[in-house]
Amino acid sequence: AAGEKKPGEKAPREKKRGKKKTGEKKPAEQKPSQRAVGEKKKKIKKHHASRNPVLARGIGRYSRSAMYVRKALYKRKYTAPETKIEKKKKEKPRATIIKPVGGDKNGGSRVVKIRKMPRYYPTEDVPRKLLSHGKKPFSQHKRRLRASITPGTVLILLTGRHRGKRVVFLKQLGTGLLLVTGPLVINRVPLRRAHQKFVIATSTKVDISGVKIPKHLTDAYFKKKRLRKPKHQEGEIFDTEKEKYEITEQRKSDQKAVDSQILARIKKVPQLRGYLRSTFCLSNGVYPHKLVF
Amino acid sequence: VFKRFVEIGRVAFISFGPHAGKLVAIVDVIDQNRALVDGPCSGVRRQAMPFKCMQLTDFVLKFPHSARQKCVRLAWEKENINEKWAATRWAKKIEAREKKAKMTDFDRYKVMKAKKMVSRLASKKGKKPEKPEKSEKSEKPEKAQKSAKVQKAQKVQK
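Within each chain, residues carry numbers counting from 1 in the order of the written sequence. Chains and ligands are labelled sequentially in the order written, the chains with letters from A and the ligands with numbers from 1. Note on the predicted model: pLDDT of at least 70 is required for a residue's local features to be given, and 80 or more for side-chain atom pairs to be given and counted; whole-chain, interface and lining totals, by contrast, use all residues. Note that water and hydrogens are dropped before the side-chain values are worked out from all heavy atoms of the structure.

Chain B has the name Large ribosomal subunit protein eL14 in an unreviewed UniProt entry, where Phaetusa simplex is given as its organism. Heading Sequence similarities (unreviewed entry) of the UniProt record for chain B holds this comment: "Belongs to the eukaryotic ribosomal protein eL14 family." UniProt positions are given in the numbering used here, feature names are shortened, and annotations may be inferred rather than shown by experiment.

The name recorded for chain A in an unreviewed UniProt entry is 60S ribosomal protein L6, from Phaetusa simplex. Turning to chain A, the UniProt record has this under Function (unreviewed entry): "Component of the large ribosomal subunit. The ribosome is a large ribonucleoprotein complex responsible for the synthesis of proteins in the cell." Turning to chain A, the UniProt annotation filed under Sequence similarities (unreviewed entry) states: "Belongs to the eukaryotic ribosomal protein eL6 family."

Below, the structure is given as structure tokens:
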């Protein structure tokens, strides 16, 4: 009855649920109806009372399908606006590609599927693995650094050919290894990687605040290179692999660039240079668990 | 044979226990094993303490037995026990031991270098009366025991 009163109303009005008319409205006139619509937009929507009278608690008079009709849901189908993610999902990747084909009278090109059907189905299916969580590959592991190791700390290397040498810590690399330098002129330790676990951090620190370490010094830079192309000649395979390590010019220039900055700061601290030149050793009566580093 | 006795007013050094390293004055004797002890100027509340954890020092204060803390404090400050204690060799040895334990790796290196220098000077004393190394050494940050040693070496050289 309320809807019939105002034939001049706009279509969107139907979408709104039926409202209780609070007061009597005058017969249809443009102005009051427009004002009413405006009012309704500002007003909080009042929902219709339940169209399903209650017979007993939890039991309604009408079934689901009857309610569908009573609520006129056949008229009211809403969809949420398509989000960007859904739009992206809709965009299908290309299924086929056109490739050129050689030879005479061949038609010049073929339409080739990009993702082909499998050419083999195993007779026994591989059993489904149970879900596990938190098993990340090495590249995604969390890297930790001991609080005692900060840029500029003097470290004592414990393993490797430079064991016992005292060395300046520069930064931690992506894999968690520590980038370290002698500096070279002081103790013949070049820019090198060291493992955190095999290092003693002393409390002596060099102020490295302004030192700029080149960005290309990463793990890939320091990784050992192995030749991978034995050309099926059994006799000479071992020769082609790098026996002698040669210091490249880039390494020398990087070493110079970093060391020159650090040496200046080392010179400021008295006796530090001699300290870095010396090596660490234990002797009688010296117990590492009692030493303060 | 015995020079230091347990008596009222004897200042003792506590060697172990919760108050290890502090000085106290013996106020009264409770029984064969315990004494009433007070250390107003060293942060030890008046309490009973077994003799076993006390080591007697050379200092004796004058106050009557069971004197209250105020009296003990007055006597302590009058005698200036804290300063006298710090001047004894005993206290200095304790301090030196503590410093040595706190030495970092860098400090150990510096001490090693200083010791080497001293021994070199000492061996050279008869031959060359040069003294340029002395100035080098004095620039280095010196540990308490190290400075004593250096002064000794210089005395020997002269």
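Engineer: Looking at this structure, I do not really get the overall build of chain A. What am I missing?
Structural biologist: Counting from the N terminus, the helices are the DSSP runs of H or I reaching at least four residues and the strands are the DSSP runs of E reaching at least two. Looking only at helices and strands, chain A features 10 helices and nine strands. Contact criterion: two residues are considered in contact whenever any of their non-hydrogen atoms come within 4.5 Å of each other. Of the contacts made within chain A by residues no fewer than 6 positions apart, 54% connect residues no fewer than 24 positions apart. Throughout, the Shrake-Rupley method with a 1.4 Å probe supplies accessible areas, and for residues the shown protein chains are the sole cover considered. Roughly 24500 Å² of accessible area belongs to chain A as shown, and the carbon and sulfur atoms make up 55% of that amount.

Engineer: Explanation requested: the confidence of the model for chain B in the structure shown.
Structural biologist: Regions with low pLDDT should not have their predicted coordinates read in detail. All names here are of chain B. Residues of chain B with pLDDT of at least 70 account for 79%, and the chain-wide mean is 85. Predictor confidence is given residue by residue as pLDDT, running from a minimum of 0 to a maximum of 100. Under a pLDDT of 50 for its full length, residues 132–142 has, in the predicted model, 21 contacts with residues more than four places off or in other chains. Overall fold confidence (pTM) sits at 0.64, and the ipTM for the predicted complex is 0.70.

Engineer: Explanation requested: the packing of aromatic side chains in the structure shown.
Structural biologist: How two aromatic rings sit relative to each other is set out by the distance from centre to centre and by the angle between their planes. Aromatic pairing here means that ring centres of Phe, Tyr or Trp (its six-membered ring) are within 6.5 Å. Orientation follows from the plane angle: under 30 degrees is stacked, over 60 is edge-to-face, and everything else is tilted. Going through the model one piece at a time under the given rule, you end up with seven aromatic pairs over all chains. Centroid distance Trp85 of chain B to Trp90 of chain B: 5.2 Å. Interplanar angle 65 degrees. Geometry classified as edge-to-face. Trp90 of chain B gets classed as partly exposed once you look at its relative accessible area, which sits at 24%. The rings of Tyr275 of chain A together with Phe106 and Tyr109 of chain B are connected pair by pair, giving a single aromatic cluster. Lying over the aromatic face of Phe293 of chain A, Arg108 of chain B brings its terminal NZ or CZ to 5.9 Å of the ring centre. Any Lys NZ or Arg CZ found within 6 Å of a ring centre and within 35 degrees of that ring's normal is scored as a charge over the ring. Sitting above the plane of the Phe106 of chain B ring, Lys110 of chain B keeps its charged end 4.3 Å from the centroid. When a residue's accessible area, from a 1.4 Å probe over protein chains only, is under 20% of the maximum for its type it is buried; when over 50% it is exposed; and in between it is partly exposed.

Engineer: Sorry, what's going on with the sheet that holds strand β8 (residues 192–194) of chain A here?
Structural biologist: By way of backbone hydrogen bonds, the strands of a sheet pair with one another, either parallel or antiparallel. Residue and element names in this part refer to chain A. Strand pairing follows a simple DSSP-based rule, namely that at least 2 bridges must link the two strands. If you walk across this open sheet you meet the five strands as β8-β7-β6-β5-β9, and the pairing is antiparallel. If you trace the sheet from one side to the other, it starts and ends with β8 and β9 (199–205), each paired once. Going from strand to strand, the sheet's axes swing by 45 degrees on average, the running direction of each strand aside. Alignment of strand β5 (residues 153–157) against strand β6 (residues 166–172), held across three bridges, turns out to be antiparallel. Note on definitions: angles span 0 to 180 degrees between N-to-C directions of axes, and those axes are lines fitted to C-alpha atoms, for helices only across the stretch in contact.

Engineer: How do you make sense of the interface of chain A and chain B when you look at a structure like this?
Structural biologist: How big an interface is tends to be reported as the loss of accessible area on association of its parts. Each side of the interface is counted separately: chain A has 16 residues, and chain B has 11 residues. When chain A packs against chain B, the two sides together hide about 1000 Å² of surface, and 56% of this comes from carbon and sulfur. By the criterion of area lost to chain B, the three top residues of chain A are Gln271, Tyr275 and Val292 of chain A, representing 55% of everything that side buries. Between Arg166 of chain A and Asp105 of chain B there is a salt bridge, and its shortest N-O distance comes to 2.8 Å. What gets called buried area is simply the loss in accessible area from a 1.4 Å probe that two parts show on being joined, summed for both. Should a side-chain nitrogen of Lys or Arg be within 4 Å of a carboxyl oxygen of Asp or Glu, the pair is scored as a salt bridge.

Engineer: How should the nonpolar core be read in this particular structure?
Structural biologist: Soluble globular proteins: nonpolar side chains tend toward being buried together. In plain words, nonpolar cores are sets of buried Ala, Val, Leu, Ile, Met, Phe, Trp, Tyr and Cys residues tied together by side-chain atoms within 4.5 Å. Membership of the largest hydrophobic core comes to 23 residues, with the highest contact counts inside it found for Leu170, Leu179, Leu217 and Ile266 of chain A. For this core, the elements supplying multiple residues, two or more each, are β6, α7 (219–222), α9 (249–268) and α10 (272–277) of chain A together with α4 (105–124) of chain B. Tallying contributions element by element places α9 of chain A first for this core, with four residues. Excluding residues within four positions of it along the chain, Leu170 of chain A makes contact with Pro151, Leu179, Val180, Thr181, Leu191, Ile208, Ile213, Val258 and Ile262 of chain A.

Engineer: Honestly, the side chain of Asp259 of chain A in this entry has me stumped. Any pointers?
Structural biologist: Residue and element names in this part refer to chain A. Structurally, the position occupied by Asp259 is in helix α9. Positive: Lys, Arg. Negative: Asp, Glu. His and the chain ends are not part of the count. Of the side chains bearing the opposite charge, Arg188 lies closest to the buried Asp259, which forms no salt bridge; the N-O distance is 8.7 Å. With near-sequence residues (within four places) excluded, Asp259 lies in contact with Thr181, Pro183 and Leu184.

Engineer: Got a minute to help me understand the environment of Pro50 of chain B in this structure?
Structural biologist: Residue and element names in this part refer to chain B. For Pro50, the position within the fold is in strand β4 (residues 44–50). A sequence separation of 36 residues divides Pro50 from Ile14, and the C-alpha atoms of the two residues are 10.0 Å apart. In this view, Pro50 contacts Asn33 and Arg34; residues no more than four positions away in its chain are not counted.

Engineer: I would appreciate a short explanation of a positive patch on the surface in the present structure.
Structural biologist: All names here are of chain A. For patch detection, residues must exceed 30% relative accessible area and be free of salt bridges, and they are connected within 9 Å for like charges or within 5 Å for nonpolar side chains (Val, Leu, Ile, Met, Phe, Trp, Tyr). Throughout, a charge is located at the NZ atom of Lys, the CZ atom of Arg, the CG atom of Asp or the CD atom of Glu. Taken together, the side chains of Arg161, Arg192, Lys223, Lys224 and Arg226 present a region of like positive charge at the surface. Looking at the secondary structure, you find Arg226 in the loop between α7 and α8 (237–240). For Arg226, a relative accessible area of 60% corresponds to the exposed category.

Engineer: Can you walk me through the sheet that holds strand β1 (residues 10–14) of chain B in this structure?
Structural biologist: All names here are of chain B. Pairing is antiparallel across the open sheet formed by five strands, whose spatial order is β4-β3-β2-β1-β5. For this open sheet the edge positions go to β4 and β5 (54–60), each flanked by a neighbour on one side alone. Looking at each pair of strands side by side, their axes are set apart by 40 degrees on average, direction ignored. Where β1 meets β5, four bridges bridge the pair, whose relative direction is antiparallel.

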